[in-house]
Amino acid sequence: MTISTAAPRRTFAIISHPDAGKTTLTEKLLLLGGSIRSAGTVKGKKSGKFATSDWMEIEKQRGISVTSSVMQLVYNDVQVNILDTPGHQDFSEDTYRTLTAVDTAVMVIDSVKGIEAQTLKLFKVCRMRGIPILTFINKLDREGKEPLDLLSEIEETLEMETFPMNWPIGTGKRLKGIYDLQNETIETFTDSHSNRQIIPLKDADNLQDHERENLEEEIMLLDEAGNDFSQEKIQNGTMTPVFFGSALANFGVQSFLDAFVNLASKPKPRKASGQMINPEQDQFSGFIFKIQANMNPNHRDRIAFLRVCSGEFERGMEIILSRSGKKMKLSQSHSFFASDRETVNTARPGDIVGIYDSGNFQVGDTLIGGGERIQYEEMPQFPPEKFAKVTAKNAMKHKQYHKGIEQLVQEGTIQLYKTPYFEDYILGAVGELQFQVFDYRMKNEYNVDIELNHMTHELARWVTKGDVSDIVSDSRKMLVEDQQKRPVILFENEFAMRWFQDKNPGFELSSGWEIL
Ligand code: GDP
């Protein structure tokens, strides 16, 4: 694959409920871009549902599988970067953070299931970030929900307008094709799915009269009751263009990709230290949104994933870590790569590169080529909803224990809080899976058995105003501090929080990031 370094970039992540077809769609997209050697490159094929432990085994096997973390394809002279998001239904902060590094999200929905509750939160996060969301409604070859119902479901649950780009003619066994609403053509569906056939509606002789009438009726309905197409609304994420297809049958995928390269957002200016940094500016800048430890316990190397935001990143260049001002030369020992572990020599805004890291970087760090020490906006901190006290089972291992906690917290695996005076460690997570991953990695990478005592608290509120020295922790609330030593109160539930607020009107509380 040859990539023109000057090719425009489109960087996106697919968000979906497990089994909706993310992997299958990714494979088909990569094949269209001619950029994978075999479809299996995407990830170890799954066979049915995995238990959590299997999931971790897979992560372990994948190890530092950068290939599956960042993928690239070139299509119509556009370089498309795809970021993988963990395919597990449990929320993970990792997924959320990955969304800060993309310019567009593709939402894959299983036409049989519609929007599934566990993934709704993820979709809403995209919605809140105001990034364009393109929707691919998958598995059209199966009897699914009514297309109109699927559109209303998206409109109602995500509070965004929909704009169908194409429309299915039948579903499941009666699937005849998809109708392109702009070009008034039909892409016909045949069982052999060999040749892509696109014909004007009037010439479609595979349609029976009632199918044609049905289609015409639905088109009329969409014309009258549907939303007007708005490029602007798509760009600010208040309207989602909707595509129908079947990833497995490679049906509608190319039409989707054709439209994707036009509709997806290009790398936009991003906010850093109160200013907007233009991708076109000469000075290199970018931020680290993810750190992945090498799962091979013999090597402690980590990979820091950098999103390039402006200028050009060159191999061997000297960069400055904004947080500390430390200068670093990313030479041999820091060689970096994008897809397929190929070492890349230059990277441009929108690109993601992996940098070997021996412990210098933290999630959220800004790297610059020079000039003013700007800092990209903080990674959104997600209000954890689950808490557990953590201790080492064997006190003799306190050194490894502290080292493990420090590194895993730096990587953003989990959030850490401490109680005042006694300095008990409390872990905070958005989803249960984070605790399990933490436990597993402490054991496997740091050789420490830990004990986790789950707490009943489920709300964290940062105290932005008020004197916390008088707060007495009890069963309903607990005062802790976060990594930056900011006071946080953990409440057992909403009721306990409201009770506290009623009794302490002088206090102001904030949830790290208001999501829902
Ligand atoms: P992921 O968990 O979202 O990555 O989903 P996968 O891509 O692994 O797909 C989950 C299952 O759905 C697999 O068995 C796929 O073969 C199947 N699948 C994916 N796309 C389609 C489709 O368009 N039609 C049908 N019938 N099955 C599909």
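(A) Spatial organisation of a negative patch on the surface. Taken together, the side chains of Asp-209, Glu-213, Glu-216 and Glu-217 define an acidic patch exposed on the protein surface. As for its position among the elements, Asp-209 is in helix H7 (residues 209–225). Residue Asp-209 is classed as exposed on the basis of its relative accessible area of 60%.

(B) Geometry of the nonpolar core. In terms of nonpolar packing, the biggest core is built from 78 residues, with Ile-154, Leu-306, Phe-313, Phe-361 and Leu-367 touching the most fellow members. Considering every element that reaches this core, the biggest residue donor is strand S15 (residues 302–310), with six residues. Split by domain, this core shows at least three residues from each of two domains, domain 1 (9–37 + 53–166 + 228–263) and domain 2 (270–368). Beyond its immediate stretch of four places on either side in the chain, Ile-154 contacts Met-107, Ile-109, Ile-115, Thr-135, Ile-137, Glu-159, Met-160, Thr-162, Thr-240 and Val-242. Residues Ile-82, Met-239, Phe-256 and Leu-263 belong to the second largest nonpolar core, which totals 30 residues.

(C) Geometry of the sheet that holds strand S5 (residues 133–138). The sheet built from seven strands is open, its strands ordered S2-S3-S1-S4-S5-S11-S6 with mixed pairing. With partners counted over all chains shown, the strands left at the sheet margins are strand S2 (70–75) and strand S6 (161–164), one partner each. Within the sheet, the average angular offset between the axes of one strand and its neighbour, ignoring direction, is 30°. Bridging between strand S4 (residues 104–110) and S5 involves six bridges; their strand directions are parallel. Paired with Met-107 across the bridge in S5 is Thr-135.

(D) Representation of helix H6 (residues 147–158) in the model. The end-to-end C-alpha distance of H6, which contains 12 residues, comes to 16 Å, matching closely the 16 Å that a straight helix rising 1.5 Å per residue would cover. Taken together, the buried positions of H6 are occupied by Pro-147, Leu-150, Leu-151, Glu-153, Ile-154 and Leu-158. The buried residues of H6 all sit within an arc of 155° when viewed along its axis, so they share a single face. Glu-159, located one to two residues past H6, shows a positive phi value of around 50°.

(E) Looking closely at unusual backbone geometry. The phi dihedral of Asp-77 falls on the positive side, at around 65°, and the residue is not glycine. Here Asp-77 lies in the loop between S2 and strand S3 (78–83). In this structure, Asn-447 is a non-glycine residue whose phi angle is positive, near 60°. Inspection of the secondary structure puts Asn-447 in the loop between helix H11 (432–446) and strand S26 (450–454).

(F) Here's a closer look at the pairing of strand S17 (residues 318–321). Of the strand pairs in this sheet, S17 and strand S18 (residues 326–329) are connected by four bridges, and their pairing is antiparallel. Bridging from a neighbouring strand, Glu-318 pairs with Lys-329 of S18. The loop that links S17 with its antiparallel partner S18 comprises four residues; one of these, Gly-325, has a positive phi angle of about 85°. Where S17 and strand S22 (residues 366–368) come together, two bridges link them in antiparallel fashion. Within S22, the residue paired with Leu-321 across the bridge is Leu-367.

(G) Representation of the packing of helix H1 (residues 22–32) against helix H9 (residues 253–263). Interaxial distance between H1 and H9 falls to 10 Å at its minimum, and their mutual angle equals 70°. In terms of their interaxial angle, H1 and H9 are classed as roughly perpendicular. On H9, the residues that touch Leu-25, Lys-28, Leu-29 and Leu-32 of H1 are Val-253, Gln-254, Phe-256 and Leu-257. Partitioned by chemical class, the residues of the contact of H1 with H9 number six nonpolar, one polar and one charged.

(H) Up close: the sheet that holds strand S8 (residues 177–180). Strands sit in the order S7-S8-S9-S10 across an open sheet of four strands; the sheet is antiparallel. Looking at which strands have only one partner, the edges of the open sheet turn out to be strand S7 (166–169) and strand S10 (198–200). Across the sheet, the mean angle from the axis of one strand to that of its neighbour is 30°, orientation sign disregarded. Sheet topology places strand S9 (residues 185–188) next to S10; three bridges connect them, and they run antiparallel. Residue pairing in the sheet places Glu-187 in a bridge with Ile-198 of S10.

(I) Looking closely at the environment of Ile-303. Structurally, the position occupied by Ile-303 is in strand S15. For Ile-303, a relative accessible area of 3% puts it in the buried group. Taking the C-alpha atoms as reference points, Ile-303 and Asn-278, separated by 25 residues in sequence, lie 26 Å from one another.

(J) Just the environment of Lys-326, in detail. Structurally, Lys-326 can be placed in strand S18. Residue Lys-326 is classed as partly exposed on the basis of its relative accessible area of 40%. Remark: the alpha-carbon pair of Lys-326 and Ile-109, spanning 217 residues in sequence, is separated by 45 Å. In this view, Lys-326 contacts Ile-319, Ile-320, Leu-321 and Asn-360; residues no more than four positions away in its chain are not counted.

(K) Focus on the environment of Tyr-401. Relative to the assigned elements, Tyr-401 resides in helix H10 (residues 398–410). For the pair formed by Tyr-401 and Arg-270, sequence separation is 131 residues and the distance between their alpha carbons is 38 Å. Among residues more than four places away in sequence, those in contact with Tyr-401 are Val-390, Thr-391, Ala-392, Tyr-425, Met-442, Val-448 and Ile-450. A polar atom in the side chain of Tyr-401 sits 3.1 Å from the backbone oxygen of Val-390.

(L) Quick look at the pairing of strand S23 (residues 386–392). Two elements, S23 and strand S25 (residues 425–429), share five bridges in a ladder whose sense is antiparallel. Its bridge partner lying in S25, Phe-387 is registered against Gly-428. Pairing of S23 with S26, which is carried by five bridges, proceeds in the antiparallel orientation. By the bridge assignment, Ala-388 is partnered in S26 with His-454.

(M) Structural detail: the side chain of Ser-322. One can find Ser-322 in the loop between S17 and S18. The residues contacting Ser-322, other than those within four sequence positions of it, are Thr-366, Ile-368, Arg-373, Ile-374 and Gln-375.

Conventions adopted
Residues numbered from 1 in each chain as written. Predicted model: local features only at pLDDT ≥ 70, side-chain atom pairs only at ≥ 80, totals over all residues. Heavy atoms only, no water. Patch = residues over 30% accessible without salt bridge, like charges linked within 9 Å, V, L, I, M, F, W, Y side chains within 5 Å. Areas by Shrake-Rupley, 256 points an atom, 1.4 Å probe, with all protein chains shown as cover. Salt bridge = Lys/Arg side-chain N within 4 Å of Asp/Glu carboxyl O. Lys, Arg positive; Asp, Glu negative; His and termini not counted. Charge placed at Lys NZ, Arg CZ, Asp CG, Glu CD. Helix = DSSP H or I, 4+ residues; strand = E, 2+ residues; numbered from the N terminus. Buried < 20%, exposed > 50% of the residue type's maximum accessible area, 1.4 Å probe, protein only. Core = buried A, V, L, I, M, F, W, Y, C linked by side-chain atoms within 4.5 Å. Domains from an automatic or database assignment. Contact = heavy atoms within 4.5 Å. Pairing = 2+ DSSP bridges. Axes fitted to C-alpha atoms, helices over the stretch in contact; angles between N-to-C directions. Expected span 1.5 Å × (residues − 1). Arc of directions from axis to C-beta. Parallel < 35°, antiparallel > 145°, perpendicular 65-115°, else oblique. Nonpolar A, V, L, I, M, F, W, Y, C, P; charged D, E, K, R; others polar. Polar contact = N/O pair within 3.5 Å; in protein donor to acceptor, adjacent residues only side chain to side chain.

Nothing here speaks to function; it is geometry throughout.
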